[in-house]
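Structural description and commentary
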Amino acid sequence: QVQEHEQIVKTLHRQIENKNQDRSDIVAKLKSECSTAKAMANALESQLRSRFTNEEYLTNSVMELETQLNSSKNEYENEKSKLIHDRNAFENENMMLERTTTDLT
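A brief report on the enclosed structure follows. Owing to the predicted nature of the structure, the values given are computational and were not obtained by experimental measurement. (Residues numbered from 1 in each chain as written. Predicted model: local features only at pLDDT ≥ 70, side-chain atom pairs only at ≥ 80, totals over all residues. Heavy atoms only, no water.)

1. Quick look at the pattern of salt bridges
- What the rule picks out here adds up to 3 salt bridges.
- Glu45 is the salt-bridge partner of Arg49, the closest N and O atoms lying 2.6 Å from each other. Of the two residues, Arg49 and Glu45 are both situated in helix α1 (residues 2-104); the distance of 4 residues between them amounts to about one turn of the helix.
- What makes Arg49 exposed here is its relative accessible area of 53%.
- Glu45 sits in the partly exposed class, given a relative accessible area of 38%.
- Ionic pairing is found between Arg87 and Glu91, a salt bridge with its closest N-O pair at 3.9 Å. (Salt bridge = Lys/Arg side-chain N within 4 Å of Asp/Glu carboxyl O. Helix = DSSP H or I, 4+ residues; strand = E, 2+ residues; numbered from the N terminus. Buried < 20%, exposed > 50% of the residue type's maximum accessible area, 1.4 Å probe, protein only.)

In structure tokens form, the structure reads like this:
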């Protein structure tokens, strides 16, 4: 009966050791998965920061280009108005010269 009892105790010991080993394996696996998840989260955070930086750069570039475009439009309109004024002045001068020429002939 003692032998039977010792056999039961050994069997229970083995079962407990197996369960402990299984639990240790599960804990190790979970730790590994946790480390992997942290590394992935860090990588994604880095990508996100990079995209935000890039987006900010592009936003600033667009604003600068809009400013340059508006400035160029204003310069164009001013130059166009000046040229139209000059053309009208030359046309008027040309008409006066034609009249003077007609009057002289």
